[in-house]
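What the coordinates show
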Amino acid sequence: MNIIIRVATLEDLPILLEFEQQLITVERPMDISLEQLKKISYYDISEFIASDIAEVFVALNGAEIVGSGYGLIKENKSHFAEKKFGHVGFMYVKSEFRGQGISSLVLDAIFNWFKAHNIRETRLQVYPNNHNAIKAYEKVGFKKNLIEMLHYLD
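Now for a quick tour of the structure. Quick caveat: nothing in here was measured; it's all calculated off a predicted structure.

Where a strand is regular, its side chains alternate between the two sheet faces. Burial analysis of strand 3 (residues 64-75) places nine of its twelve residues in the buried class, the great majority of the element. Pairing analysis gives eight bridges linking strand 2 (residues 54-61) to strand 3, with the strands arranged antiparallel. Directly across from alanine 54, in strand 3, lies its bridge partner leucine 72. Between strand 2 and strand 3, which pair antiparallel one after the other, the connecting turn spans two residues, and glycine 62 there sits at a positive phi close to 70 degrees. Of the strand pairs in this sheet, strand 3 and strand 4 (residues 84-93) are connected by eight bridges, and their pairing is antiparallel. Pairing of glycine 67 across the sheet is with valine 93, part of strand 4.

Quick look at the sheet that holds strand 5 (residues 122-123) now. A sheet is described by the order of its strands in space; here five strands give the open sequence 1-2-3-4-5, paired in mixed fashion. The open sheet has two edge strands with one neighbour each: strand 1 (3-7) and strand 5. Note: strand 4 against strand 5, two bridges, orientation parallel. What sits directly across from histidine 87, in strand 5, is arginine 123. Sheet strands in contact with helix 3 (residues 102-116) are strand 1, strand 2, strand 3, strand 4 and strand 5, and its direction is about 35 degrees off that of strand 3.

Here we come to the nonpolar core. Counting 22 residues, the largest nonpolar core has Val88, Ile102 and Phe114 as its most contacted members. When residues of this core are assigned to their parent elements, the largest contribution, eight residues, is made by helix 3. If you look at the next biggest cluster of nonpolar residues, it comprises 18 residues, including Leu16, Tyr43, Ile49 and Phe90.

What follows deals with the packing of aromatic side chains. Evaluation of the coordinates by the stated rule reveals nine aromatic pairs. Note on phenylalanine 19 and tyrosine 92: the rings are 4.6 Å apart at their centroids and 40 degrees apart in plane angle, and the pair reads as tilted. Residue phenylalanine 19 is found in helix 1 (residues 13-27), and its partner tyrosine 92 is found in strand 4; the two are separated by 73 residues along the sequence. Phenylalanine 19 gets classed as buried once you look at its relative accessible area, which sits at 2%. For tyrosine 92, a relative accessible area of 10% translates into the label buried. Seen from their ring centres, tyrosine 137 and phenylalanine 142 are 5.8 Å apart, and the 70 degrees between their planes marks the pair as edge-to-face. Grouping residues by exposure puts tyrosine 137 and phenylalanine 142 together as buried. Feature note: the residues Tyr42, Tyr43, Phe48, Tyr70 and Phe90 constitute an aromatic cluster, connected by ring pairs. Looking at arginine 123, its charged tip hangs above the ring of phenylalanine 80, at a distance of 5.0 Å from the centre.

Conventions and cut-offs
Within every chain, residues take consecutive numbers counted from 1 along the sequence as written. Predicted model: local features are reported for residues with pLDDT of at least 70 only, side-chain atom pairs are reported and counted for 80 or more only, and whole-chain, interface and lining totals are derived from all residues. Side-chain numbers here rest on the full set of heavy atoms in the structure, without hydrogens or water. Remark: exposure states derive from per-residue accessible area (1.4 Å probe, protein chains only) relative to the maximum for the residue type, with buried under 20%, exposed over 50%, and partly exposed in between. Secondary structure elements follow DSSP: runs of H or I no shorter than four residues count as helices, runs of E no shorter than two count as strands, and numbering proceeds from the N terminus. Whether two strands pair depends on DSSP finding at least two bridges between them. We call two residues contacting when some pair of their heavy atoms lies within 4.5 Å. Lines are fitted to the C-alpha atoms to define the axes, a helix being fitted only along its stretch in contact, and any angle between axes, read from their N-to-C directions, falls within 0 to 180 degrees. Throughout, nonpolar core names a set of buried Ala, Val, Leu, Ile, Met, Phe, Trp, Tyr and Cys residues whose side chains join them through atoms within 4.5 Å. Pairing of aromatic side chains requires ring centres within 6.5 Å, counting the rings of Phe and Tyr and the six-membered ring of Trp. Pairs whose planes differ by under 30 degrees are stacked, by over 60 edge-to-face, and all others tilted. Whether a charge sits over a ring depends on NZ of Lys or CZ of Arg being within 6 Å of the ring centre and within 35 degrees of the ring normal.

Okay, structure coming up:
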């Protein structure tokens, strides 16, 4: 298997929208605050593709897109040392290609893009019971930093 990472184009949008729905399907049971029955969308992928402050990457096995991820440059709050940070999202690898280091390759491309934009700090969110994702992120150097908590009032 020879995986190539490249910048996404608008031509990739149909498969990227499928990936987004796959992500949502996996994450719905992990988050009771998500709409459970209607179709939802997390991202405006076409906006990210066109943006100067975001870059979407795809992983290809031959001509087949098998993975994705994006980097987005965000403003940090004034009390943080770094004025801007890189946010990572939309990390997805087709099930039959998982466990083969593809997410690491996509993350490397995102990290290199951040470095080219003088971004030193990178953040992401992951559900605490998404153990495979956490393991993959820790493998490339992410560390647990903050716990977000949720409570519904009766």
